There are 2 protein chains.
Amino acid sequence: MKVVVLTGGVGGAKLVLGLCHAVPATDVTAIVNTGDDFVHLGLAISPDIDTLLYTLSGKANAAQGWGREGESWGFMAALRELGGADWFQLGDGDLALHVLRTAALARGEPLSRIVAGFARSWGIGPTILPMSDDPVATEIVSDEGVLPFQHYFVARRCEPRVSAIRFVGAEQARPAPGVLDAIAAADVILIAPSNPFLSVDPLLAVPALRQALVDARAPVIAVSPIVGGTAVKGPTAKLMGELGLEVSAASVARHYAGVIDAMLLDERDPPADLPVRTARADTLMHSLDDRIRVARAALAMAGA
Amino acid sequence: MKVVVLTGGVGGAKLVLGLCHAVPATDVTAIVNTGDDFVHLGLAISPDIDTLLYTLSGKANAAQGWGREGESWGFMAALRELGGADWFQLGDGDLALHVLRTAALARGEPLSRIVAGFARSWGIGPTILPMSDDPVATEIVSDEGVLPFQHYFVARRCEPRVSAIRFVGAEQARPAPGVLDAIAAADVILIAPSNPFLSVDPLLAVPALRQALVDARAPVIAVSPIVGGTAVKGPTAKLMGELGLEVSAASVARHYAGVIDAMLLDERDPPADLPVRTARADTLMHSLDDRIRVARAALAMAGA
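This structure is a prediction, so every number in the text was calculated from the model and none was measured.

**A few points about the overall build of chain A**
No. 1: Helix and strand counts for chain A come out as twelve helices and 14 strands.
No. 2: The C-alpha atoms of chain A give 18 Å as radius of gyration, which agrees with the globular expectation for 304 residues (19 Å, within 12%).
No. 3: When the 304 residues of chain A are sorted by exposure, 59% land in the buried category.
No. 4: Counting only contacts in chain A whose residues sit at least 6 apart along the sequence, the fraction spanning at least 24 positions is 68%.
No. 5: Carbon and sulfur atoms make up 53% of the accessible area of chain A, which totals about 11700 Å².
No. 6: Looking at charge distribution, chain A has the averaged site of its 25 positive side-chain charges lying 2 Å from that of its 33 negative ones.

**Here's the deal with the pattern of salt bridges**
No. 1: This model, assessed by the stated rule, comprises 30 salt bridges over all chains.
No. 2: Between Arg-293 of chain A and Asp-282 of chain A there is a salt bridge whose closest N-O contact spans 3.6 Å. Of this pair, Arg-293 of chain A sits in helix α12 (residues 288-303) while Asp-282 of chain A sits in the loop between β14 (277-281) and α12, and the two are eleven residues apart along the sequence.
No. 3: What makes Asp-282 of chain A partly exposed here is its relative accessible area of 24%.
No. 4: Here Arg-80 of chain B ties to Asp-86 of chain B by a salt bridge, and the two come within 3.0 Å at their closest N and O atoms.
No. 5: Residue Asp-86 of chain B is classed as partly exposed on the basis of its relative accessible area of 31%.
No. 6: A single network of salt bridges, built from pairs that share partners, joins Asp-266, Arg-268, Asp-282, Asp-290 and Arg-293 of chain A.

About the cut-offs
Residues numbered from 1 in each chain as written. Chains lettered and ligands numbered in written order. Predicted model: local features only at pLDDT ≥ 70, side-chain atom pairs only at ≥ 80, totals over all residues. Heavy atoms only, no water. Helix = DSSP H or I, 4+ residues; strand = E, 2+ residues; numbered from the N terminus. Rg over C-alpha atoms; globule rule 2.2 N^0.38 Å. Buried < 20%, exposed > 50% of the residue type's maximum accessible area, 1.4 Å probe, protein only. Contact = heavy atoms within 4.5 Å. Areas by Shrake-Rupley, 256 points an atom, 1.4 Å probe, with all protein chains shown as cover. Lys, Arg positive; Asp, Glu negative; His and termini not counted. Charge placed at Lys NZ, Arg CZ, Asp CG, Glu CD. Salt bridge = Lys/Arg side-chain N within 4 Å of Asp/Glu carboxyl O.

Written out as structure tokens, the structure is:
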């Protein structure tokens, strides 16, 4: 069973890890948001892709939710002494990815090939594909003006009130090599319970990628990011309120209308009338067993 | 007494530190070799300038002879896992200089201004000037072909047999802002006991810098890198042999002919007939007291 999963960072990575224990890992392809990517201190940083790399290689700092386990911080300490911008944390080990990626991009290597090299070095079984090798930049239109994504998300901790979200470059972006083939060959396509507006929408904003999902022979099944009427973590609920949307699985399902065929809801959610087929499960993913359970529940919907 | 010192890395930095204890540190200007500078993993690295920065801010790893005291190595460990080039050691704290320098150069800032900013952040009293803001690259013509300096020096540990040394870009290079003024205003100009061929010659290969030394009203005094008929450390003696030169202070003095007015010799050296005025002292610089003693002995020659 060939599985494709569209994903952002932390929450999505949990589902991808669960999938790799539910089916052969080599049958899993993660297509990853790159709208969060940015250049910081001259370094090309791909937060969601790196979260996938760390999670799937067993290097992730699970307690912290980002970065590497056992990381050291000598670079940040020296940077601070020199008056460098320190609002974005760069661990010493983490820097290796950024330095090698930046150098490879400068040589003209596409991001997809660079990521494949990292995954190979770390013996990662599933395929990790950036949604595009072309730059797409998520911008937040807020009461503090237009903010680049990481400024909104990290520097301003999602505090500004959001009125709109833009994906600059998405209209022109082509799916990375392998993305369309993976979608066409998939037996099931999942949308991870990542933030629909910040993490999944950039993927859907790439025209050829969205069209491939619409055309896919496989069912497209979203795992709801809403649990018991609110978001598990992160800014999803706050953001939906600011965008004038009801915070509910039905609201997310309407947002994905035309793309998804089904949605896996959390068993705690109130009954709702959704425009697509639904199933229910405990969708919280604290342990690895939880992740495998959610992965299996989503995959089971494909057979139904 | 305004002191200018032309210097490479480790050995020269010792003399500059001694000078800063012999006269007010703010009266000292170090003009530093940039022929060793190179781009590694996309990062702009200035080994000699950084050795000055670390030495004069009290951050240098004295035992190791390069880099920072108390450095950590998380970046290199992660880089190795990813198959990155690991022949050049980049400490976690050290990376902050390289990342900030690379980003600032990419923004169009000249190296001299970047270095001044680092020195200010660390409260360094003396002025540290790169010899030029224009790129100059030392290349080693050897029995293994033409090698970029760091490949010869670090990756190949000075093992190849050298037939010539080139300073690519030197002919077109202009002295960095402040260099010519410092030389013109100096009461004494010292040439540090750095490698004459690898560390001092790049400075002398910048035409306007060399001419300024020739025209200077101040005496130009070299501190001999030869002690007891051989070089204190590094590849100087091996290199002189390969270039067909006698390993002696006289040989170094002849090499500097036309530029220097005097040379401070080590007291252990055999008597020699030099083309310039000489004095003798114990020129070994193990302790800070040694460095101050050598600095004072060199400065005393200016008054003679």
